[in-house]
Amino acid sequence: MKLLITGGAGFIGSHVVRLFVTKYPEYQIYNLDKLTYAGNLANLSDIEHAPNYTFIKGDITDAKFIDDMFAELAFDGVIHLAAESHVDRSITDPMSFVMTNVVGTVNLLNAAKNTWAAGASGFDGKRFYHVSTDEVYGSLHNPDEFFTEETAYDPQSPYSASKAASDHFVRAYGNTYKLPVVLSNCSNNYGPNHFPEKLIPLMIHNIQTNKPLPVYGKGENVRDWLFVVDHARAIDAVFHNGRLGETYNIGGFNEWKNIDLVHLLCEIMDRKLGRPKGTSAQLITYVTDRAGHDLRYAIDAHKIMNELGWQPSLQFEQGLEKTVDWFLENQEWLDNVTSGNYQKYYESMYANR
Ligand code: NAD
Ligand code: TYD
């Protein structure tokens, strides 16, 4: 099995690459990543010399590069995670989301379709797996409602609109060309290697450095949090056993209001840093709400649980403790991603290749 994983230097992708490289030594794993601000190879330093692992620096918006790579390497499968992923950035720069998330995905679909169709066994044994988000379903307002695989798409941000468009293209290629596709839509992830522009790592970093904790609006928005390693395990299950043409929703049945989550993080951090109870919570600062801020996301994950036997392995409090410990023990990682040092380092490393 020659498997292409895109976006493997990013937050979730690095956990997926690590899981596949270590669990399937008989597979050849190719990690294709542009190494944007959000991706760095320090996330994979523990497996970079594994004999079944190869890193390829490249941009999925470059159709010729993608076609040439598929022609040369003849992948059997694709797990596609590369994306622009931060809602706030999509509000200030929507076009880069259209380019990577929509155009980049279509480039990969075309390359897979054309090289697989031209091969001796056609689409037999091939699989294109598209990793997506629950944000494509829009915002829930009724507390009894959950996103199921049948929920109509209703994306509200440029990020979720670009992911929704990419999901539609993947399904359209499945329908029109019979490309063997499978998709999953996951809730908010957290854990080690999370880029510190997203809520949980940003709060950990700001608590540690005594900076204000910016809570958007009234902090009443709700997210359903899943430990990133559990998402990687779900991706393993869907890639190997998910039915072709199907979509699987992935989530932890773990809903938290932002403000409650920030208070919980403050309590954990006070304890870890030996500060008197209540110290970090004084840093909480309510700021102007995000434009078009989705109120609530909540996943109904029964399909993947019942069909593929997947379930989350960690309780939220355990996962959060592990995450806080990781950030406190990996100060150098945090300094290097926030300063842009990793990006400069890897850019210069690949500049002359
Ligand atoms: P991330 O931003 O941490 O990582 C994205 C990776 O893609 C980075 O390594 C980046 O360098 C790479 N990349 C970006 N543009 C590229 C391009 N043009 N060509 C090649 N590589 C490029 O994102 P993440 O949080 O790890 O999310 C990964 C995937 O999972 C995304 O598709 C996202 O939509 C989806 N997802 C994320 C979450 C979440 O909570 N973070 C939840 C559900 C689904
Ligand atoms: P985020 O981690 O950006 O994920 P997403 O928007 O994809 O769900 O944000 C999670 C929630 O936290 C979301 O409701 C926005 C809110 N938020 C803040 O209140 N303050 C912040 O500084 C950030 C980054 C997010």
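Our subject is the structure that appears above.
Let me begin by describing the structure that accompanies this report. (Residues numbered from 1 in each chain as written. Chains lettered and ligands numbered in written order. Predicted model: local features only at pLDDT ≥ 70, side-chain atom pairs only at ≥ 80, totals over all residues. Heavy atoms only, no water.)

### Overview of the overall build of the chain
Looking only at helices and strands, the chain has 12 helices and 12 strands in total. A compact globule built from 353 residues should have a C-alpha radius of gyration of about 20 Å, and the chain, at 20 Å, falls within 12% of that. Counting only C-alpha atoms, the chain reaches 65 × 50 × 35 Å along its principal axes. Counting the 353 residues in the chain, one finds 55% classified as buried. Here the contacts in the chain between residues at least 6 apart in sequence split such that 82% fall between residues at least 24 apart. With the model as given, the accessible surface of the chain reaches about 14,900 Å², and the carbon-plus-sulfur share is 51%. (Helix = DSSP H or I, 4+ residues; strand = E, 2+ residues; numbered from the N terminus. Rg over C-alpha atoms; globule rule 2.2 N^0.38 Å. Buried < 20%, exposed > 50% of the residue type's maximum accessible area, 1.4 Å probe, protein only. Contact = heavy atoms within 4.5 Å. Areas by Shrake-Rupley, 256 points an atom, 1.4 Å probe, with all protein chains shown as cover.)

### Observations concerning helix α11 (residues 331-339)
For α11, the complete set of buried residues consists of Trp-333, Leu-334, Asn-336 and Val-337. The buried residues of α11 all sit within an arc of 170° when viewed along its axis, so they share a single face. Check the buried side of α11 and you find it contacts α6 (199-208), α10 (316-329) and α12 (341-351). One or two steps after α11, the chain reaches Gly-340, where phi turns positive at roughly 80°. (Arc of directions from axis to C-beta.)

### Section: the site of ligand 1
Residues in contact with ligand 1 amount to 28 residues; listed here are only the nearest, Ile-12, Asp-33, Ser-85, Tyr-159 and Lys-163. Contacts to ligand 1 include Leu-81, whose backbone N or O atom sits 2.9 Å from an oxygen atom. Against a free-state accessible area of 840 Å², the protein chains account for coverage of 96% of ligand 1. Elements that contribute at least two residues to the shell around ligand 1 include exactly α1 (11-23), β5 (127-133), α5 (158-177) and β7 (188-190). Looking at the shell around ligand 1, the element that brings in the most residues is β5, giving three residues. Of the residues that constitute the shell around ligand 1, the class distribution is 12 nonpolar, 12 polar and four charged. (Near = heavy atom within 4 Å. Polar contact = N/O pair within 3.5 Å; in protein donor to acceptor, adjacent residues only side chain to side chain. Nonpolar A, V, L, I, M, F, W, Y, C, P; charged D, E, K, R; others polar.)

### A few points about the site of ligand 2
What surrounds ligand 2 is a group of 17 residues, the closest being Glu-135, Pro-214, Arg-223, Arg-290 and His-293. At a separation of 2.9 Å, an oxygen atom of ligand 2 approaches a polar backbone atom of Tyr-216. Interatomic distance of 2.7 Å between a side-chain N/O atom of His-293 and an oxygen atom of ligand 2. Protein chains shield 97% of the accessible area of ligand 2, which is 510 Å² for the free molecule. Those elements giving two or more residues to the shell around ligand 2 turn out to be α6 and β8 (213-216). Per element, the largest residue contribution to the shell around ligand 2 is three residues, and it comes from β8. Among the residues making up the shell around ligand 2, the classes are represented as seven nonpolar, five polar and five charged.

### Describing the packing of α6 against α10
Direction vectors running N to C along α6 and α10 enclose 55°, while the axes themselves pass 11 Å from each other. Considering their axes alone, α6 and α10 lie oblique with respect to each other. Crossing angle aside, the handedness with which α6 passes α10 is right-handed. Contact residues: Ile-200, Pro-201, Ile-204 and Gln-208 in α6; Leu-320, Thr-323, Val-324, Phe-327 and Leu-328 in α10. (Axes fitted to C-alpha atoms, helices over the stretch in contact; angles between N-to-C directions. Parallel < 35°, antiparallel > 145°, perpendicular 65-115°, else oblique. Left-handed = near helix turned anticlockwise from the far one by under 90°.)

### Observations regarding the environment of Ile-204
Here Ile-204 is to be found in helix α6. Separated by 161 residues in the primary sequence, Ile-204 and Asn-43 have C-alpha atoms spaced 18 Å apart. With residues near it in sequence (within four places) discarded, Ile-204 still touches Leu-265, Met-269, Thr-323, Val-324 and Phe-327.

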